[in-house]
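# Architecture and fold: a report
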Amino acid sequence: MTSRTDLVEDLMGRFPHVPREAVIKEDLLRGGMAFDDSALTDNEKGDVKPKSYFIFSFDHRTLPELGEAALRRPPEEIVLLGGPYDLRRTVVSVRINPDSPYRVKADADGRLMLHLDDRPIAEVGLPPMPDYYRHTLANGKQVMEVAPTIQWGYLIYLTAYRVCQYFGAKEECQYCDINHNFRQHKAAGRPYTGVKPVDEILEAMEIINKYDVAKTSTAYTLTGGSITRQVDGLAEADFYGRYAQAIEERFPGRWIGKVVAQALPRADVQRFKDYGIQIYHPNYEVWDKRLFELYCPGKERYVGRAEWHRRILESAEVFGPRNVIPNFVAGVEMAEPFGFTTVDGAIESTTEGLQYFMSRGITPRFTTWCPEPTTPLGKTNPHGAPLEYHIRLLEAYRATMEANGLSSPPGYGPAGAGRAVFSVSSFMDSLPAEDDLPALAQ
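If you're wondering where the values come from, they're calculated on a predicted model, not measured in any experiment.

### Brief notes about the packing of helix α12 (residues 343-358) against helix α14 (residues 387-403)
One can describe the packing of α12 onto α14 by two numbers: an axis separation of 10 Å at closest approach and a directional angle of 30 degrees. In this view, α12 runs roughly parallel relative to α14, as classed from their interaxial angle. Between α12 and α14 lies a crossing of right-handed hand. Facing V343, D344, A346, I347, T350, T351, L354, Q355 and M358 of α12, the residues of α14 in contact are E388, Y389, R392, L393, A396, Y397, T400 and M401. Its residues assigned to classes, the contact of α12 with α14 comprises 10 nonpolar, 4 polar and 3 charged.

Listed below in structure tokens is the structure:
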């Protein structure tokens, strides 16, 4: 049996146009990483920004199974640099897997390193505790709970509604653990608020604005579970839109406002824009028709795949195509027992979806699937999709974008290996930096 190192180096050799940083990053995102106890954080009292569990668990074990990592959180993200592969600065979201062949631990000289198969392959940088995390709201709540930042401080992630109304086996998306993540943190006694009050979010953002003197935080994302009925007497567009309205009135132009919500009718989409949102993410999750129906039963029941896609295209008339950026969950295409059985088939299907949207000026993005253990697909696919699928997807994504004359989407920070901060997939790492693009493409 070949080692993980052999697999990684084989793919680096076979796909030289995909940055080697992206190969390592995708493998960490799909399969997770382990931490020596000495590499864990001291939570909110330490010098390292701890993992905030901002919406999903993004772990390969439940909290009770994480041992010390459940008590002393791992860092939110890590940065990789150097090593035998001469990696450029690479920001990676932390997904814990105690059984991973990747482990963060100190070397003989005391330097924190990422080890693969017990061999050090990169220096590890940890995110410093931001000044704004050291301050609490008037009611004692932590900024980290109300308005955590990710992507090395670029993005404020506002999960306004911690649960989803697509509930139970017949409605929940089969790869999503938002409801379980809420339950496990409440059971652990952590301060998880189901619906975040508007005034608390404004107070947290006031603290961020005051202490983020370098203006590293550039955008905010409003999101949470889907709303099929009402929350606080409001339907989805008005529930999430009220937060945007309050933020934009208090801090006009301070941040790029984004919302992740269902694909809603045009009138609701227009309300998002009127509330001050600049970028709309109506995520389509998976392209294949059969898999969408199987993996997103609630979305199929309440909206339907064809209508979902029609609404995405219609929303481009409101926001402009470039500002409509639907996400898909890269890797679930190959989940057993229903997914594609070959990488070729999965890539062909996913590329068809990319072409469908990109040919219309809409640039999707993707999150690398983490097979969380409490989800149906996570239980049957604990190892996720093959690494080769993820590497070939990066190649297909860039090729489809370039064929349609598009460049990296707005609201994600800089593109390019060594520059990207988007941490939950490598699509920004594998795109050319803006100053590397031909003049026409800019």
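### Some details on the nonpolar core
Ranked by size, the top nonpolar core spans 116 residues in total, and within it I24, L80, Y220 and F272 carry the most contacts. Leaving out residues up to four positions away in the same chain, F272 has contacts with E236, A237, Y240, G241, V259, A261, L264, I277, Y280 and F319. One finds F58, Y154, C164 and Y166 within the second-largest nonpolar core, a separate group that totals 13 residues.

### Concerning the sheet that holds strand β3 (residues 87-93)
Spatially, the 6 strands line up as an open sheet ordered β1-β4-β5-β6-β2-β3, and their pairing is mixed. If you trace the sheet from one side to the other, it starts and ends with β1 (34-35) and β3, each paired once. Of the pairings in the sheet, the one linking strand β4 (residues 102-106) to strand β5 (residues 112-116) comprises 5 bridges and is antiparallel in character. Looking at the pairing, R103 lines up with H115 of β5. Along the sheet, helix α1 (residues 4-14) makes contact with β4, β5 and β6 (119-125), crossing β5 at roughly 90 degrees. Packed onto the sheet, helix α2 (residues 20-31) meets β2 (77-82), β3, β4, β5 and β6 and runs at close to 20 degrees relative to β3.

### Describing the state of the cysteines
Within this structure, the stated rule accounts for 0 disulfides. Counting only cysteine sulfurs, C176 is the nearest neighbor of C164, a cysteine outside any disulfide, at a range of 6.4 Å. Exposure remark for C164: the relative accessible area of 13% places this residue in the buried category.

### Description of the sheet that holds strand β9 (residues 219-224)
As summarised here, the arrangement of the 5 strands in space is β7-β8-β9-β10-β11, forming an open sheet in which the pairing is mixed. Each end of this open sheet is capped by a strand with a single partner; those strands are β7 (149-150) and β11 (279-281). Bridge count between β9 and strand β10 (residues 256-260): 4 bridges; the pairing is parallel. Residue pairing across strands places Y220 opposite G257, the latter belonging to β10.

Basis of the calculations
Residues numbered from 1 in each chain as written. Predicted model: local features only at pLDDT ≥ 70, side-chain atom pairs only at ≥ 80, totals over all residues. Heavy atoms only, no water. Axes fitted to C-alpha atoms, helices over the stretch in contact; angles between N-to-C directions. Helix = DSSP H or I, 4+ residues; strand = E, 2+ residues; numbered from the N terminus. Parallel < 35°, antiparallel > 145°, perpendicular 65-115°, else oblique. Left-handed = near helix turned anticlockwise from the far one by under 90°. Contact = heavy atoms within 4.5 Å. Nonpolar A, V, L, I, M, F, W, Y, C, P; charged D, E, K, R; others polar. Core = buried A, V, L, I, M, F, W, Y, C linked by side-chain atoms within 4.5 Å. Buried < 20%, exposed > 50% of the residue type's maximum accessible area, 1.4 Å probe, protein only. Pairing = 2+ DSSP bridges. Disulfide = S-S within 2.5 Å.

These results come straight from atomic positions and should not be treated as a statement about function.
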